[in-house]
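Working through the structure, step by step
The chain contents come next:
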Amino acid sequence: LSYDETAEVLHIPVGTVRSRLYRGRRALFGLLKDYAASIGFRRPEI
Amino acid sequence: MTGPSGTPMHYGEELQDFLDETLTDARRAEVAAHLETCARCRRELDALRWVKVEASKDVGEAELPADLSARVRAALDTEDKSSVATTISRRKWIAASALVAAALLIVFLRGHKVTLPDRVAAAFRAYDTGVMPLEFESSDPKAIEAYFARNGITFETRVFDLGMMQYHLVGGRVHRLDDDRRISALFAYRGPGARKLVCQMFQGTVAELPRTDDVREHNGIRFHVYGEGNVTLVFWQEGDTLCVLTSDAPADDVVQLAFAKAVRA
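In short, a report on the structure. (Residues numbered from 1 in each chain as written. Chains lettered and ligands numbered in written order. Predicted model: local features only at pLDDT ≥ 70, side-chain atom pairs only at ≥ 80, totals over all residues. Heavy atoms only, no water.)

1. Describing the pairing of strand 6 (residues 221-228) of chain B
Residues and elements named next belong to chain B. Using the following cut-off: A 1.4 Å probe rolled over the protein chains alone gives each residue an accessible area, and that area as a share of the maximum for its type sets the label: buried under 20%, exposed over 50%, partly exposed in between. Here a strand is any run of E in DSSP of at least two residues, a helix any run of H or I of at least four, and the numbering for each starts at the N terminus. Two strands form a pair only when DSSP identifies at least two bridges running between them.
In terms of residue burial, strand 6 counts as a mostly covered element, since six of its eight residues are buried. In this structure, strand 5 (residues 215-218) lies alongside strand 6, joined through four bridges in antiparallel fashion. By the bridge assignment, histidine 218 is partnered in strand 6 with isoleucine 221. Following strand 5, the chain reverses through two residues before pairing antiparallel with strand 6; asparagine 219 in that reversal takes a positive phi of roughly 50°.

Below, the structure written as structure tokens:
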């Protein structure tokens, strides 16, 4: 889904979709950075 | 890029827009120019890209908890409200973020089969970071073996004395290894340079292990070696018991410790 389509489905503003996706990706990376490093990702710190 | 006071600025959400190609051409060029000179933003973009690529892999079908969607929505709503409140509860914000991340993680991990080495490495990290404390502190192998016998470990354990190799016993815990409610006798050592070494013994076989190209033989015992980041894991079989040493020490040191203590069943 695009940001616009996601906003429509969830009944939230597009800006909220964008910021939630960003926070979710950052949080997911925070949880998985050890795993990422273990399979070769070399820039684990953000 | 600098802020009004001349301090360095960094792109946050716009890095995601850059990645998702939703910026205008002019804005995209600005971000690209900034990335040339800003290592911090490059690192963040790389991390966001990694998550996007991993999340888009075919993870197969997974059945999610029925209330997951509602819980994620509730956590997000709480987080959004608290972010505009005049007094932001940082603890609540972190809890909400963690729940969202955990939900994403469930989806992610369901598609990546969690292997036995993954679980053992996770236990090591949990101990190493203080998340998972020992239950019984002692430097006496026999006392720790007795603790295991008193606390639900039904198989015979063999807690090693590694003092000659500069690893000193710290204590142990009865650890829940996996979803099958299998329990493990876990005991820990402190080694040279504050290195940590964790041993686990549990009922299992090497047939449960994923394939590894690093299998070594010593005194008629086969040792299965895995690396997970800076952590080395060495598994071997003793009767019905699977043993594993886990440490952030150099890989060959961990292998030598296993060679020294493994016995043929």
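2. Focus: the packing of helix 2 (residues 14-38) of chain A against helix 1 (residues 13-20) of chain B
Threshold: Comment: axis = line fitted to C-alpha atoms, over the contacting stretch for helices; angle = value between 0 and 180 degrees taken between N-to-C directions. When describing relative orientation, an angle under 35 degrees is termed roughly parallel and one over 145 degrees roughly antiparallel, while 65 to 115 degrees is termed roughly perpendicular and anything else oblique. Residues count as neighbours in contact if any of their non-hydrogen atoms are within 4.5 Å of one another. Asp, Glu, Lys and Arg are counted as charged, while Ala, Val, Leu, Ile, Met, Phe, Trp, Tyr, Cys and Pro are counted as nonpolar; the rest, among them Gly, fall into the polar class.
Where helix 2 of chain A contacts helix 1 of chain B, the axes come no closer than 9 Å and their chain directions differ by 95°. Of the possible angle classes, the one that applies to helix 2 of chain A and helix 1 of chain B is roughly perpendicular. Where helix 2 of chain A abuts helix 1 of chain B, its residues Arg18(A), Ser19(A), Leu21(A), Tyr22(A) and Arg25(A) lie against Glu13(B), Glu14(B), Gln16(B), Asp17(B), Leu19(B) and Asp20(B). Residues that form the contact of helix 2 of chain A with helix 1 of chain B fall into these classes: three nonpolar, two polar and six charged.

3. So, the pairing of strand 4 (residues 196-203) of chain B
All names here are of chain B. Here strand 4 lies mainly inside the structure; six of its eight residues are buried. What sits between strand 3 (residues 183-190) and strand 4 in their antiparallel hairpin is a turn of five residues, with glycine 193 showing a positive phi close to 65°. Judged from the seven bridges that link them, strand 4 and strand 8 (residues 241-247) form a sheet pairing that is antiparallel. By the bridge assignment for strand 8, valine 198 is matched with threonine 246.

4. Quick word on helix 2 (residues 25-37) of chain B
All names here are of chain B. The cut-off we apply is this: Expected span, for any helix, means 1.5 Å times one less than how many residues it has. When we speak of the arc, we mean the arc of directions from the helix axis to the C-beta atoms.
Counted at 1.5 Å a residue, the expected span for helix 2 with its 13 residues is 18 Å, and the 19 Å between its end C-alpha atoms agrees. Within helix 2 the residues assigned to the buried category are Val31, His34 and Leu35. For helix 2, the angular spread of the buried residues around the axis is 105°, confining them to a single face. Of the exposed residues in helix 2, those oriented more than 90 degrees away from the buried face are Asp25, Ala26, Glu36 and Thr37. Packing partners of the buried residues in helix 2 comprise helix 1 and helix 3 (39-55).

5. Thoughts on the sheet that holds strand 1 (residues 136-137) of chain B
Residues and elements named next belong to chain B. An order of 1-2-3-4-8-7-6-5 is seen for the eight strands of this open sheet, with the pairing classed as antiparallel. The strands lining the two open edges of the sheet, one partner per strand, are strand 1 and strand 5. Across seven bridges, the pairing between strand 7 (residues 231-238) and strand 8 is antiparallel. In the sheet register, leucine 233 faces strand 8, and the bridge partner there is threonine 246. Helix 6 (residues 116-128) contacts strand 2 (168-176), strand 3, strand 4, strand 6, strand 7 and strand 8 of the sheet and is inclined by roughly 135° relative to strand 4. Packing of helix 8 (residues 251-261) onto the sheet brings it into contact with strand 4, strand 5, strand 6, strand 7 and strand 8, and relative to strand 7 it is tilted by some 20°.

6. Re the environment of Leu162(B)
All names here are of chain B. The residue leucine 162 is located in the loop between helix 7 (141-150) and strand 2 in this model. Classification of leucine 162 as buried rests on a relative accessible area of 2%. Once the C-alpha coordinates of leucine 162 and leucine 257 are considered, the two residues, 95 residues apart in sequence, prove to be 8.2 Å apart. Those residues within four positions of leucine 162 in sequence are excluded, and the remaining contacts are Tyr167, Tyr189, Leu197, Leu257 and Lys261.

Purely geometric stuff here, so don't read any function into it on its own.
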